[in-house]
Amino acid sequence: MGNVKISQEIIDAINDPGSIKVLASISRTGELHVVPKGTITVNEEGNIRYYELLEGSQTNKNVTFALWFGRKIAINIITPDRRSYQIKGIPVKSLVAGKEYQKHYERAMELIPDSDLAAVYEIELTDVREESYPVRFAEEARDNPLYIHLDKLAGQA
Amino acid sequence: MSRNSENGWRSKELPYDQVIEKYPEIPPIVALKIDVSRRGIHYTQAALDRVDPDKHHVEPYNYMIGHGKNAAPIGLFLRDGSVICQGDTPDYSKAYRDPYTLDVVDGRLVLTDEEIGKVYEEVTFWDRPDFYDKKTSNGTPMCLVASARPQRITIAPQTKCHFWDTPGEGCKYCALFSAHRSKDDEGEIRDEKWFQDVEETTREALKEKGRYCSFHMTAGSTLSGAEIFDDEVDLYIKTLHAAEKAFKTEKFPVKLVASAFSKKQLQRMYDETAITTYTTDLEVLNPELFKWICPGKSRLVGYEEWKHRLYDAVEIFGRGNVDCGIVGGVETAQPNGFADEDEALAAVLAEAEEMGRHGVSFADCVWNALPGSMFVNQKTPSLEYYVKLALGLAEVRRKNGLKIYTDDYRRCGNHPNTDLARID
Ligand code: SF4
């Protein structure tokens, strides 16, 4: 299981309602599925919490599949100022009933009045990395200096 | 020495860890749920000390069975949100296998196998329904009107099964309503006051936001009426009408598990009540074994007719909205059942496939030789058998394009094969 910790900067990015959050998962037959999930946040333990609002959705099925078989799901966060973070993790808990779930059910209705919360997933983190272009560009130049078109390296005539 | 410590059962079948290795398509947590349902659970004192009756769902007696006993939890949550519908088994000396143990390890409530010394999963107790503390305007404690699972409210309009009226004609694995089996015992009285209690209890239950996804009704069979089961149909309709007053929509998720009604009776139920799905239990998918195991059902309705009533129900409710409950594994009961597990599985799945083609889904209960049942001393099948059965039934459902609704992991929670539909 994952126990990767994330910085306050990334926590703030994930919890920012202005960020775009996208979740990628795989079905039991290996089909990829990528969808926006605005209800992704970080909980008190530093794990990802996400509210699944559609019980019959493919993501709900895929995240349960990941929980059952210890598979990873991936999330990408794009902040309003265009920073991007990729987070991977393994779902470890799904709340679908009980008093704790019921608190989230009411919270979900505060966020989206007509919603009917299907599940609250807790995801332990296994990998976190910044995917913003300037950061990745610098990493690429450092790690793979030979990946470059020669015209970029052409000398003055 | 207890039966299970003498018989060497552990050396005769694959243990949990090897079963999940051999069948990588079964989610380990579902296999664990099956094994716990099959073997039962024994609570240690440390686990019992964790029970807070003000917070957790405890029953002073078993609502569906009716025997008095100390208040104790009736089920557990697993971390995937699914449930195990079993309480403590205080005495298991006569059971074929010793149960799992519910214990506290490193401050966590966990399922363990004491002999192997391994901790399997963290679990939590179910929460107490808010309506349990309330009384109706008639002064009836609401916990006597309805029971609950974490996401369903249950009402039993009749606490007597009349198949027991003829000695030996009840289903041999059944412990339901076993407090009311004598011929003169009519079960609990259902007068006008009770229907009012149903309305008020339902209304109160719905105040708990986010708790209930399904309204469940089941009862023992009532055989009387102009046509067999007519009085049972009347009782369900009247009970549903009482509950319906608490809802603003005509239809809502009702899980009705009832006798095999005729097409006329089913049409009436569909037209006059909130129901949109229907479950009736053929219990064992083999005509000869049905005759032996469910003699009352066999004599008064018959295997083929029961099956045809399921097909008739599909015409009314639609494909996938009609479920057949089975007591998975009971086909191996001796002396008349299959002695070979592979033969049993092949026979059950062939019959399930035929019924699946007709639009019937399955709700598989794990057979556990329950105290109060005639089969109390039977040996239930291996975990491997139950796992293959759950996987096989899930495949029948997929192949025939069937959904599962009110018997699924959430609206019911007691069927491993329907748990698997979560990822379909
Ligand atoms: S019909 Fe059979 S299984 Fe159902 S309550 Fe009666 S005896 Fe039990």
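None of the values given here were measured: they were computed from a predicted structure.

Student: What is the right way to read the overall build of chain B from this model?
Tutor: Helix and strand counts for chain B come out as 13 helices and 16 strands. Over its C-alpha trace chain B gives a radius of gyration of 21 Å, about what one expects of a compact globule, namely 22 Å for 424 residues. A principal-axis box enclosing the C-alpha atoms of chain B has dimensions of 55 × 50 × 45 Å. Taken over 424 residues, chain B has a buried fraction of 62%. When contacts within chain B are restricted to residue pairs at least 6 apart in sequence, those whose partners lie at least 24 apart make up 73%. Summed over its atoms, the accessible surface of chain B is roughly 16,400 Å², and 51% of this surface lies on carbon and sulfur atoms.

Student: I tried to follow the nonpolar core on my own but got confused; where do I start?
Tutor: In a soluble, globular protein the nonpolar side chains are often hidden away together inside. Judged by nonpolar contacts, the single largest core of 145 residues is most densely connected at Leu102, Leu111, Tyr173 and Leu285 of chain B. For this core, the leading source of residues is helix H12 (residues 383-399) of chain B, giving 10 residues. When we break this core down by domain, the ones giving at least three residues each are domain 1 (3-125) and domain 2 (130-423) of chain B. With near-sequence residues (within four places) excluded, Leu285 of chain B lies in contact with Tyr303, Cys324, Ile326, Val348, Glu351, Ala352, Met355 and Phe362 of chain B. Counting residues in hydrophobic clusters, the runner-up holds seven residues, among them Tyr101, Tyr105, Ala108 and Val120 of chain A.

Student: Hey, could you run me through the sheet that holds strand S6 (residues 100-105) of chain B in this one?
Tutor: Backbone hydrogen bonds are what pair the strands of a sheet, in a parallel or an antiparallel way. Residues and elements named next belong to chain B. Taken together, the four strands give an open sheet; going across it, the order is S1-S6-S7-S8, and neighbouring strands pair in mixed fashion. The strands lining the two open edges of the sheet, one partner per strand, are strand S1 (41-43) and strand S8 (118-122). Adjacent strand axes in the sheet meet at a mean angle of 40°, parallel and antiparallel pairs treated alike. Bridging between strand S7 (residues 108-113) and S8 involves four bridges; their strand directions are antiparallel.

Student: Whenever I open this one, the pattern of salt bridges confuses me. Can you help?
Tutor: When charged atoms on two side chains of opposite charge get close, those side chains can pair. Residue and element names in this part refer to chain B. Within the structure shown, the criterion is met by 56 salt bridges over all chains. Glu192 is paired through a salt bridge with Lys238; the nearest N and O atoms lie 2.6 Å apart. Of this pair, Glu192 sits in helix H5 (residues 192-205) while Lys238 sits in helix H6 (residues 230-244); the two residues are 46 residues apart in sequence, bridging distant segments of the chain. Residue Lys238 is classed as partly exposed on the basis of its relative accessible area, which comes to 39%. For Arg411, the salt bridge goes to Asp408, with nearest N and O atoms at 2.7 Å. For the pair Arg411 and Asp408, a shared accessibility class is recorded, and that class is buried. Look at the salt bridges and you will find they share partners, linking Arg10, Glu13, Asp35, Arg38, Arg39, Arg97, Asp98, Asp113 and Glu115 into a network.

Student: How do you make sense of a nonpolar patch on the surface when you look at a structure like this?
Tutor: Residue and element names in this part refer to chain A. Judged by side-chain polarity, Ile148, Leu150 and Leu153 come together as a nonpolar surface patch covering roughly 320 Å² of accessible area. Here Leu153 is to be found in the segment after helix H4 (133-143). Residue Leu153 is classed as exposed on the basis of its relative accessible area of 55%.

Student: Is there a simple way to think about the pairing of S6 of chain B in this case?
Tutor: For a regular strand, the rule is simple: side chains alternate between the two faces of the sheet. Residues and elements named next belong to chain B. Of the pairings in the sheet, the one linking S1 to S6 comprises three bridges and is parallel in character. When the sheet's bridge partners are listed, His42 is paired in S6 with Thr101. Both S6 and S7 contribute to a ladder of five bridges, which runs antiparallel. Bridge assignment links Val104 to a residue of S7, and that residue is Leu109. Connecting S6 to the antiparallel partner S7 that follows it, the hairpin turn spans two residues, and Asp106 within it adopts a positive phi of roughly 50°.

Calculation criteria
- Residues numbered from 1 in each chain as written.
- Chains lettered and ligands numbered in written order.
- Predicted model: local features only at pLDDT ≥ 70, side-chain atom pairs only at ≥ 80, totals over all residues.
- Heavy atoms only, no water.
- Helix = DSSP H or I, 4+ residues; strand = E, 2+ residues; numbered from the N terminus.
- Rg over C-alpha atoms; globule rule 2.2 N^0.38 Å.
- Buried < 20%, exposed > 50% of the residue type's maximum accessible area, 1.4 Å probe, protein only.
- Contact = heavy atoms within 4.5 Å.
- Areas by Shrake-Rupley, 256 points an atom, 1.4 Å probe, with all protein chains shown as cover.
- Core = buried A, V, L, I, M, F, W, Y, C linked by side-chain atoms within 4.5 Å.
- Domains from an automatic or database assignment.
- Pairing = 2+ DSSP bridges.
- Axes fitted to C-alpha atoms, helices over the stretch in contact; angles between N-to-C directions.
- Salt bridge = Lys/Arg side-chain N within 4 Å of Asp/Glu carboxyl O.
- Patch = residues over 30% accessible without salt bridge, like charges linked within 9 Å, V, L, I, M, F, W, Y side chains within 5 Å.

Function-wise, these values are silent; they only describe arrangement.
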